[in-house]
Amino acid sequence: METRETRAPGRGGTGGEEGGAGRSERLSAFAQRHGALVTLVVVAAVASAGFDTFATGDNLANMAVSSAFLAVVALGMTFVIITGGIDLSVGSLFALGGVLAAWGSRYGTAVALLLPLAVCGVIGLVNGLLIARARLAPFIVTLAAMLLARGVLLAVTDEGATTYLVDDGSLFARLGQDTLLGIGLPVWITAALFVAGGVVLRRARFGQYVYAVGGNEDAAALMGAPVAGTKIAVYTLSGLCAGLAGALNAAWLVSGVTILGTGMELEAISAVVIGGTLLTGGFGFLSGSLVGVLLLKVIQNVINQIGSLDSAYQQVVSGAFLALVVIAQTWLGRRRGML
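Residues numbered from 1 in each chain as written. Predicted model: local features only at pLDDT ≥ 70, side-chain atom pairs only at ≥ 80, totals over all residues. Heavy atoms only, no water.

This part is about the overall build of the chain. Counting secondary structure elements, the chain contains 13 helices and two strands. Taking all 339 residues of the chain together, 44% fall into the buried category. As displayed, the chain has an accessible area near 16,600 Å², and 64% of this comes from carbon and sulfur atoms. (Helix = DSSP H or I, 4+ residues; strand = E, 2+ residues; numbered from the N terminus. Buried < 20%, exposed > 50% of the residue type's maximum accessible area, 1.4 Å probe, protein only. Areas by Shrake-Rupley, 256 points an atom, 1.4 Å probe, with all protein chains shown as cover.)

Here the chain shows a mean pLDDT of 87. Residues at 70 or above account for 84%. Note that residues 1–12 has pLDDT below 50 and, in this model, four contacts with residues that lie over four places away or in other chains. (pLDDT = per-residue confidence, 0-100. Contact = heavy atoms within 4.5 Å.)

Let us now look at the packing of helix α4 (residues 109–132) against helix α10 (residues 227–253). Closest axis-to-axis distance for the α4/α10 pair is 7 Å, and the angle between their directions is 150°. By the angle class used here, α4 and α10 are roughly antiparallel. α10 is crossed by α4, and the crossing has right-handed handedness. (Axes fitted to C-alpha atoms, helices over the stretch in contact; angles between N-to-C directions. Parallel < 35°, antiparallel > 145°, perpendicular 65-115°, else oblique. Left-handed = near helix turned anticlockwise from the far one by under 90°.)

Among the structural elements, Thr230 can be located in helix α10. Take Thr230: its relative accessible area is 1%, and that puts it in the buried class. As a C-alpha pair, Thr230 and Val80 span 150 residues in sequence and 9.7 Å in three-dimensional space. Setting aside residues no more than four positions away along its own chain, Thr230 makes contact with Thr83, Phe206, Tyr209, Val210 and Val213.

Turning next to empty space enclosed by the protein. Considering all chains together, one arrives at one cavity of 30 Å³ or more under this definition. Here the largest cavity is characterised by a volume of approximately 40 Å³. Along its surface, the largest cavity is lined by Phe94, Ala95, Gly98, Val99, Gly246, Asn249, Ala250, Ser255, Gly256, Val257 and Leu260. Taken together, the elements giving at least two residues each to the lining of the largest cavity come down to α3 (90–104) and α10. Counting residues per element, the lining of the largest cavity draws most heavily on α3, at four residues. (1 Å grid on protein atoms, 1.4 Å probe; cavity = no way out; pocket = protein on both sides within 12 Å on 5 of 7 lines; lining within 4 Å. Points joined across faces, edges and corners; volume = space filled by probe spheres on them.)

Before going further, it helps to spend a moment on the packing of aromatic side chains. The final tally for this structure, using the stated rule, is four aromatic pairs. Considering the side-chain rings of Phe69 and Trp252, the 5.3 Å spacing of their centres and the 40° angle between planes classify their relative orientation as tilted. Highlighted residues: Phe69 in helix α2 (residues 57–82) and Trp252 in helix α10, separated in sequence by 183 residues. When its relative accessible area of 4% is taken as the criterion, Phe69 is described as buried. (Phe/Tyr/Trp six-rings, centres within 6.5 Å; stacked < 30°, edge-to-face > 60°.)

Now for a nonpolar patch on the surface. Nonpolar side chains collect at one region of the surface, where Val122, Val126, Leu130 and Leu136 lie side by side and expose about 310 Å² of accessible area between them. Mapped onto the secondary structure, Val126 falls in helix α4. Using a relative accessible area of 38% as the deciding quantity, one classes Val126 as partly exposed. (Patch = residues over 30% accessible without salt bridge, like charges linked within 9 Å, V, L, I, M, F, W, Y side chains within 5 Å. Salt bridge = Lys/Arg side-chain N within 4 Å of Asp/Glu carboxyl O.)

Rendered as C-alpha cells:
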C-alpha cells in the first residue's frame, strides 16, 4: 500500500509549498473576479491623462447614460449565462422595445412602459419554455427569436419607413432626459436594478438555483432545484430587461429608432464575460458585468477621443479584448482546478 510521509508545516518545505499554492490560488481568484475592474481603472487613468476632454463632467455624464441601456440588457444576460445559456435575441428586443414604447407614448407613460415589457417579456418566456420544456438549444431558439422580433419591428414601422416620436415634454420623455443630483435618471434606474438583482442573485433562493443549474443541472435536480422553472425565469427576465432598456432609450432619444440594437447582443455577452462570468455557467456576478459594460464604453470613448480612428476599430478592439479575457479565464480556471 502506498504511504505518504506527513511533515509539520514549515519543515521540509511542505508547508511552504502549500502556502505558495494557497497564495497562487488566491491571486488567480482575484484576477478572475476583479481583473476587469483593475483594467478599467488603468484605462480610465491613462485616458484622463492623455485627453483633456475625457474626465469632463459632460463626457462622463454622457458615458454613464449611454452605458445604462447596455447595462440593463447585460443584467438579464448575466442571469442567463450563469445558468449556462445564451440569449441572442436581446438586441432585436431592445430595438422592438424602443419602437413599441415610442408608439405607446401617445397613450401615456404607463402604456409606453408596459407595452414593451409585456411583448418582450412574452418573447423571453417563449424562449424559456422552448429551451427548458422542449429541450431545444438556446442558440437556435434565441436566434429564431431575434429574427422574429426584428420582423415584428419592421411590420410595426412599415419596413422601417415610420419613426414614432415621443412628445418632448411628456412624463415619459422626462424619464429618459431628467437628472437627479446631476446624474441622468436612466443611470439611477440602472443602479437600482443592479442592487435588486445582486440581492436576488446572492441572497435569494432563486439566485442559488441559478448558480446550481449552471454548475450542474443533474445535481441541481437531485437537490430539488426547479431546473426548468429557473431557465424559464431567467430567459423571461432577459426579455424584460431588453424591453425596458429599449423603452428607456426611446425616452432618452424621444423617438423609436428602428436601426438600433444591431449587434447589441454581442456587446452584452462581451460585457458579461469580460466582467468575469464564465460562459460555461455556474460562476458570475452582476458587479462584474457592470464593470464590463463601463470598460467597453470607456474603450469606445477613447477611440472617439483619438479622432483619427473610425468606429470599426471599436469592434476590433472589443473583439480582441474579449478573446484575451476568455483565454485568461480559461487559463485561470484550469490553474485553480489543478491546485
